[in-house]
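Survey of secondary and tertiary structure
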Amino acid sequence: MKNYNVLELDQVPQVAMDAMNAVHQEELMIVNNISAAIADNDNIRISKLCDQWLEHTIAHFARENTLMETHAFPAFHCHHGEHIEALAGLEAIINDWKESTDIEALTNYVRDTWPGWYINHISTMDTITSAFIKSCL
Ligand SMILES: [Fe+2]
Ligand SMILES: [Fe+2]
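Residues numbered from 1 in each chain as written. Chains lettered and ligands numbered in written order. Predicted model: local features only at pLDDT ≥ 70, side-chain atom pairs only at ≥ 80, totals over all residues. Heavy atoms only, no water.

1. So, the packing of helix H1 (residues 18–39) against helix H4 (residues 103–136)
The condition is simple: In this description, a line fitted to the C-alpha atoms serves as the axis of each element, helices being fitted only across the stretch in contact, and the angle between N-to-C directions of two axes falls anywhere from 0 to 180 degrees. Strands here are runs of E lasting at least two residues and helices are runs of H or I lasting at least four, both read from the DSSP assignment and numbered beginning at the N terminus. Should an angle lie under 35 degrees it is considered roughly parallel, over 145 roughly antiparallel, and from 65 to 115 roughly perpendicular; all remaining angles are considered oblique. In what follows, residue pairs with any heavy atoms lying within 4.5 Å of each other are defined as contacts. Polar here means any residue other than Ala, Val, Leu, Ile, Met, Phe, Trp, Tyr, Cys and Pro, which are nonpolar, and Asp, Glu, Lys and Arg, which are charged; Gly is therefore polar.
Viewed as axis vectors pointing N to C, H1 and H4 meet at an angle of 170 degrees, and their least axial separation amounts to 11 Å. Taken together, the axes of H1 and H4 lie roughly antiparallel to each other. The segment H1 lies against H4, with Met-20, Val-23, His-24, Glu-27, Leu-28, Val-31, Ile-34, Ser-35, Ile-38 and Ala-39 engaging Ile-103, Leu-106, Thr-107, Val-110, Arg-111, Trp-114, Tyr-118, Ile-122, Asp-126 and Ser-130. For the contact of H1 with H4, a count of residues per class yields 13 nonpolar, 4 polar and 3 charged.

Structure representation (structure tokens):
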């Protein structure tokens, strides 16, 4: 069976807090499932998984935002700003998919745009945030 994973689990950078790592792995599993559903041309499954992805991302970012606020993380605005931008981008791509079922745009986002963004965000914003919060605990 062909592997359509956009990233493997061991490619996700590890941060200082286990709870954050678990959420990051969960999200990658959802995105890998979307990539597999794209390969199967299963539009219903793609849409269901996109809903799950959006819900998961909203909760993921909200948890990190709350942690940063609770511990008065100095670069809150920088990290929070990336969350706002990324969530808006994800919402737009999913809305476009539902309106147009343009598989090419979704595929490009899932397989090309998102993996690089994800690795970069975790290895910068999440890594610094996690290390700071761990030092406060
Ligand atoms: Fe994160
Ligand atoms: Fe983050």
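2. A word on the nonpolar core
Stated formally: By nonpolar core is meant a set of buried Ala, Val, Leu, Ile, Met, Phe, Trp, Tyr and Cys residues that side-chain atoms within 4.5 Å join together. Buried means the residue's accessible area, taken with a 1.4 Å probe over protein chains only, is under 20% of the maximum for its type, while exposed means over 50%, and partly exposed covers the values in between.
Core analysis: the largest hydrophobic core is formed by 31 residues, its most contacted members being Ile-34, Ile-46, Trp-53, Leu-90, Leu-106, Val-110 and Trp-114. Taken together, the elements giving at least two residues each to this core come down to H1, helix H2 (43–70), helix H3 (76–100) and H4. Not counting residues within four places of it along the chain, the set of residues in contact with Ile-34 comprises Leu-49, Cys-50, Trp-53 and Val-110.

3. Details of the packing of aromatic side chains
How we decide: Any two rings among Phe, Tyr and Trp, with Trp reduced to its six-membered ring, count as a pair given centres within 6.5 Å; such a pair is stacked if its planes are under 30 degrees apart, edge-to-face if over 60, and tilted if neither.
Counted by the stated rule, this structure contains 6 aromatic pairs. Each ring, one from Trp-53 and one from Tyr-109, has its centre 6.0 Å from the other, and the planes form 45 degrees; the classification is tilted. With Trp-53 in helix H2 and Tyr-109 in helix H4, this residue pair connects regions lying 56 residues apart in the sequence. Residue classification places Trp-53 among the buried positions, given a relative accessible area of 0%. Residue classification places Tyr-109 among the buried positions, given a relative accessible area of 16%. By the ring-pair criterion, three or more aromatic residues cluster together here, those being Trp-53, Phe-61, Tyr-109, Trp-114, Trp-117 and Tyr-118.

4. Points about the pattern of salt bridges
To be explicit about the condition: By definition here, a salt bridge exists when the distance from a side-chain nitrogen of Lys or Arg to a carboxyl oxygen of Asp or Glu is within 4 Å.
Per the counting criterion, the structure on display carries 1 salt bridge. In this structure, Asp-51 engages Lys-98 in a salt bridge whose closest nitrogen and oxygen atoms are separated by 2.3 Å. You can see Asp-51 sitting in helix H2 and its partner Lys-98 sitting in helix H3, a full 47 residues away along the chain. Exposure remark for Asp-51: the relative accessible area of 36% places this residue in the partly exposed category.

5. Some words on unusual backbone geometry
A positive phi is found at Ala-72, a non-glycine position, where the angle reads about 50 degrees. On the secondary structure map, Ala-72 appears in the loop between H2 and H3. By relative accessible area, which is 59% here, Ala-72 ends up exposed. Within the chain, Thr-101 stands out as a residue other than glycine whose phi angle is a positive 45 degrees. You can see Thr-101 is positioned in the loop between H3 and H4.

6. Here we look at the side chain of Asn-65
For clarity, the cut-off: Within 3.5 Å is the distance limit for a polar contact, defined as a pair of N or O atoms, with the added protein rule that one can donate a hydrogen and the other accept it, and that residues adjacent in sequence qualify only through two side-chain atoms.
Mapping Asn-65 onto the fold places it in helix H2. Given the relative accessible area of 14%, Asn-65 is considered buried. For Asn-65, the side chain forms a polar contact with the side chain of His-83, separated by 2.8 Å. What Asn-65 contacts, discounting residues up to four positions off in sequence, is Phe-76, His-80 and His-83.

7. With respect to the coordination of the iron ion (ligand 2)
Threshold: Any N, O or S atom lying within 2.8 Å of the metal counts as a donor, with the limit raised to 3.2 Å for Na, K and Ca; because water is left out of the atom set, some sites can appear incomplete.
Bound to the iron ion (ligand 2) are the protein donor atoms Glu-64 (OE), His-79 (NE2), His-83 (NE2), His-121 (NE2) and Asp-126 (OD), situated 2.1 to 2.2 Å from the metal. Here the donor residues for the iron ion (ligand 2) map to a single chain with the spacing E-x14-H-x3-H-x37-H-x4-D. Distance-wise, the iron ion (ligand 1) is placed 3.5 Å from the iron ion (ligand 2), both being coordinated by Glu-64. One end of the pair, Glu-64, is in helix H2; the other, Asp-126, is in helix H4, with 62 residues separating them in the sequence.

By themselves, these observations are geometric and do not establish any function.
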